[in-house]
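Here is how the chains run, residue by residue.
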Amino acid sequence: MPIWIQAGLWGVLAGGALVLGALVAWFVSVPRAVVAGVMAFGAGVLISALAYDLVAEAESKGGLTPTLVGFLGGAAVYVAANVALAAKGARHRKRAGDQQPSEDEQSGSGTAIAIGALLDGVPESIVLGLTLLAGHGVGLSVLAAVFISNLPEGLSSAAGMKRAGRSARHVFGVWCGIAVISGVAGALGVLLLGGAPAAVVAAITAVAAGAILAMVADTMLPEAFEKAHLYAGFVATIGFALSFALEKLG
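Parameters and conventions
Residues numbered from 1 in each chain as written. Predicted model: local features only at pLDDT ≥ 70, side-chain atom pairs only at ≥ 80, totals over all residues. Heavy atoms only, no water. UniProt positions renumbered as here; feature names shortened; annotations may be inferred. Helix = DSSP H or I, 4+ residues; strand = E, 2+ residues; numbered from the N terminus. Salt bridge = Lys/Arg side-chain N within 4 Å of Asp/Glu carboxyl O. Buried < 20%, exposed > 50% of the residue type's maximum accessible area, 1.4 Å probe, protein only. Phe/Tyr/Trp six-rings, centres within 6.5 Å; stacked < 30°, edge-to-face > 60°. Lys NZ or Arg CZ within 6 Å of the ring centre and 35° of its normal. Contact = heavy atoms within 4.5 Å. pLDDT = per-residue confidence, 0-100. Core = buried A, V, L, I, M, F, W, Y, C linked by side-chain atoms within 4.5 Å.

In the annotation of an unreviewed UniProt entry, the protein is listed under the name Zinc transporter, ZIP family and assigned to Nocardioides scoriae.

Caption draft 1: Representation of the UniProt feature "transmembrane region" (unreviewed entry) in the protein. Under the present numbering, the feature "transmembrane region" (unreviewed entry) in UniProt falls on residues 7–28, 34–55, 67–87, 172–192, 198–216 and 228–246. A distance of 27 Å separates the end C-alpha atoms of residues 198–216, which is 100% helix and 0% strand. Helix and strand shares over residues 228–246 are 84% and 0% respectively, and the end C-alpha atoms of the span are 25 Å apart.

Caption draft 2: A look at the pattern of salt bridges. Per the counting criterion, the structure on display carries one salt bridge. The salt bridge involving Glu 57 is made with Lys 61; its shortest N-O contact spans 3.1 Å. Of this pair, Glu 57 and Lys 61 both sit in helix 2 (residues 32–62), four residues apart, which is roughly one turn of that helix. Under the relative-accessibility criterion, Glu 57 is labelled partly exposed at 35%.

Caption draft 3: Local environment of the packing of aromatic side chains. Using the criterion set out here, one finds three aromatic pairs in the structure. Both rings, one in Trp 26 and one in Phe 172, keep their centres 5.8 Å apart while their planes meet at 70 degrees; by these two values the pair is edge-to-face. In this pair, Trp 26 sits in helix 1 (residues 3–27) while Phe 172 sits in helix 6 (residues 168–193), placing the two residues 146 residues apart along the sequence. Look at Trp 26 and you get buried, because its relative accessible area is 17%. For Phe 172, a relative accessible area of 15% gives the class buried. Here the aromatic rings of Tyr 52 and Phe 240 are separated by 6.0 Å at their centres, their planes lie at 65 degrees, and the arrangement is edge-to-face. Here Phe 240 lies in helix 8 (residues 232–249) and Tyr 52 lies in helix 2, a separation of 188 residues in the sequence. Among the aromatic residues, ring-to-ring pairing joins Tyr 52, Phe 240 and Phe 244 into one connected group. Sitting over the ring of Trp 26, Lys 162 keeps its end group 5.1 Å from the ring centre.

Caption draft 4: Broad picture of the environment of Val 12. When you line up the elements, Val 12 lands in helix 1. On the basis of relative accessible area, Val 12 is assigned to the partly exposed category, the value being 37%. A sequence separation of 170 residues divides Val 12 from Ser 182, and the C-alpha atoms of the two residues are 5.8 Å apart. When sequence neighbours within four positions are dropped, the list of residues in contact with Val 12 reads Ala 179 and Gly 183.

Caption draft 5: Spotlight on the side chain of Asp 53. With respect to the helices and strands, the residue Asp 53 is situated in helix 2. For Asp 53, a relative accessible area of 18% corresponds to the buried category. The residues contacting Asp 53, other than those within four sequence positions of it, are Ser 48, Ser 141, Val 142 and Glu 247.

Caption draft 6: Molecular detail of the confidence of the model for the protein. Averaged over the protein, the pLDDT score is 81; the fraction of residues at 70 or greater is 87%. Element-level mean pLDDT values for the protein span from 73 in helix 4 (residues 109–130) up to 88 in helix 1.

Caption draft 7: Broad picture of the nonpolar core. Leu 46, Ile 212, Met 215, Val 216 and Met 220 are the most contacted members of the largest nonpolar core, which totals 28 residues. Only helix 2, helix 4, helix 5 (140–163) and helix 7 (198–228) provide two or more residues apiece to this core. Among the nonpolar cores identified, the runner-up in size contains 17 residues, and Val 19, Ala 22, Trp 26 and Phe 172 belong to it.

Written out as C-alpha cells, the structure is:
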C-alpha cells in the first residue's frame, strides 16, 4: 500500500477519536472532573511525543536552526489564528460547560468553532503522516498521543456544543468532517514532502509541533485545570511519563 494512503488512513483513525469522544458526550453524561482528568493526561502524553518524537527528531535530521525557526513560527501562526477565531466565538471550543456561545448569542460562532477544531487537528495529522517517511512505519507513540488527546477533546467540546443548543447534525458533521480532513492532511503531508531535503521536513515537522504545543497550552490545559485543579499537573505528569516510557521501550 502506498505510504500516502497509509498516512491518510492513520490520520482518519486518529481523527476518529474526536468522533468517538463526541458520541460519548452526546449519549452519556460524563462528569466534568473525569473529562478534565483525561484532558490533563492527554496533554501530558502529547507534550512527551512533541519533545522526544517530533522536536528532537527534527533537530537530529535537519539541524537546530530550521527546527527552532519552524517551532516558533508554528506557535506564532497558531496563536494568531486562535486569537482571530476567539473573537468570532471559538475561544471556549474545548470547554464542556456553558462557556460556548449559541448561534443566537453570537452569529457565526458555530463556524468559528468548527474552523478552530480544524486548526487544532490538522497539525497533528501532518506530523503523524511525516513519521512514515522514515520508513519504519507509523510512529506509534505519536499515534497514541494524538488519539489519546483527541478523545477528551471531542468529548469536552461536543458536551459544550450540546449545552449551547447545537444540533446533532452540526456536532457530528463537524467531527466527522475533521476526521476526514485529518486523513487528507496526513496524506498530503507525505505526498508533498516525500523526497524533500531533511532540513525542509524537519522545519515542517517543527512548525506542526509548535502549533500543537500552543494548542495544548491555550485550550487543553485550561479546561483540565478548571475542574481537576491542583491534580491536573500530576495527571499530566503521569501521561508524560507513560508516553516517555513507551517511546523508550518501543
